[in-house]
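As a plain string of letters, each chain reads:
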Amino acid sequence: MARAKEKSEIFEWVKALVIAVLLAAVIRYFLFAPILVDGLSMMPTLKDQDRMVVNKIAYKIGEPERFDIVVFHATEEKDYIKRVIGLPGDTIEYKEDTLYVNGTAYEEPYLADYKEQVIDGPLTEPFTLEEITGEVTVPEGEVFVMGDNRRYSKDSRHIGTVEISEILGKTSLVYWPIEDFGLVE
């Protein structure tokens, strides 16, 4: 009798462990995943080695929004973290360090402090979407992304627009280092 009870208890532990592992895998693969910021391209918003949570369900429900911080497959081996600047159908232009989308000037409050520190020219060099990609508007199903560290970011100005299907998810929660814990915009 004691042997049967012991086997039953072991079975229950194994079953609980298998369920926990499966649940963790489902959450990580389909819902949320950790990501490490690798590099300085999102400074001052994000720092090198910040650890964040990627919300993978954000774009399963809806489309990216302007100024979302997204994670996407840039190459087979590497994922990038950048900010969505242009949505499908948008025209994009930078002049005099100001973003123009569809001819309307947009403020970028996340760059305000950084712009004040720069004394040797604009943070973002002037360009139009057409000069960079050859397209007048952001193609359907794609977005134009840029890093916040405009002078040192490999983004859509270099790699072209990003297919929405390549976006893993949206990120805004830094969980490590603990002193930086919180939401970023």
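Residues numbered from 1 in each chain as written. Predicted model: local features only at pLDDT ≥ 70, side-chain atom pairs only at ≥ 80, totals over all residues. Heavy atoms only, no water.

A. Examining the overall build of the protein more closely. A tally of regular secondary structure across the protein gives five helices and twelve strands. In summary, the protein has a C-alpha radius of gyration of 21 Å against a globular reference of 16 Å for 185 residues, an excess of more than 25%. Here the C-alpha coordinates of the protein stretch approximately 85 × 35 × 25 Å along the principal axes. Taking all 185 residues of the protein together, 36% fall into the buried category. (Helix = DSSP H or I, 4+ residues; strand = E, 2+ residues; numbered from the N terminus. Rg over C-alpha atoms; globule rule 2.2 N^0.38 Å. Buried < 20%, exposed > 50% of the residue type's maximum accessible area, 1.4 Å probe, protein only.)

B. Quick look at the sheet that holds strand β7 (residues 104-106). The strand order β7-β6-β5-β8 describes an open sheet built from four strands, whose pairing is antiparallel. Of all strands in the sheet, those bounded by a partner on one side alone are β7 and β8 (127-128). When strand β5 (residues 92-95) meets strand β6 (residues 98-101), the two strands line up antiparallel, connected through four bridges. Each bridged residue has a counterpart across the sheet, and for Tyr94 the counterpart in β6 is Leu99. (Pairing = 2+ DSSP bridges.)

C. Highlighting the pattern of salt bridges. Under the counting rule described, the total for this entry stands at eight salt bridges. The salt bridge involving Arg66 is made with Asp90; its shortest N-O contact spans 2.6 Å. Of this pair, Arg66 sits in the loop between α2 (58-61) and β3 (69-73) while Asp90 sits in the loop between β4 (79-86) and β5, and the two are 24 residues apart along the sequence. Neither Arg66 nor Asp90 differs from the other in exposure class; each is buried. A salt bridge links Arg150 to Glu108; the nearest nitrogen and oxygen atoms lie 2.9 Å apart. You can see Arg150 sitting in the loop between β9 (142-146) and α5 (156-159) and its partner Glu108 sitting in the loop between β7 and α3 (112-117), a full 42 residues away along the chain. (Salt bridge = Lys/Arg side-chain N within 4 Å of Asp/Glu carboxyl O.)

D. Structural context of the nonpolar core. Ile85, Ile92, Leu99, Phe127, Phe144 and Met146 are the most contacted members of the largest nonpolar core, which totals 15 residues. Contributions of two or more residues to this core are made by β5, β6 and β9. If we skip the residues at most four places from it in the chain, Phe127 touches Ile92, Glu93, Tyr94, Ile132, Phe144, Met146 and Arg157. Counting eleven residues, the second largest nonpolar core, distinct from the first, contains Val37, Met42, Leu46 and Met52. (Core = buried A, V, L, I, M, F, W, Y, C linked by side-chain atoms within 4.5 Å. Contact = heavy atoms within 4.5 Å.)

E. Looking closely at unusual backbone geometry. The amide bond that connects Met43 to the next residue, Pro44, takes the cis arrangement and shows omega of 0°. Secondary-structure assignment places Pro44 in the loop between β1 (32-36) and β2 (51-55). Following Trp176, the chain continues to Pro177 via a peptide bond in cis, the omega torsion being 5°. Within the secondary structure, Pro177 is located in the loop between β11 (167-176) and β12 (182-183). One non-glycine residue, Glu96, lies in the positive phi region at around 50°. Topologically, Glu96 is positioned in the loop between β5 and β6. Within the chain, Asn102 stands out as a residue other than glycine whose phi angle is a positive 55°. By relative accessible area, which is 44% here, Asn102 ends up partly exposed.

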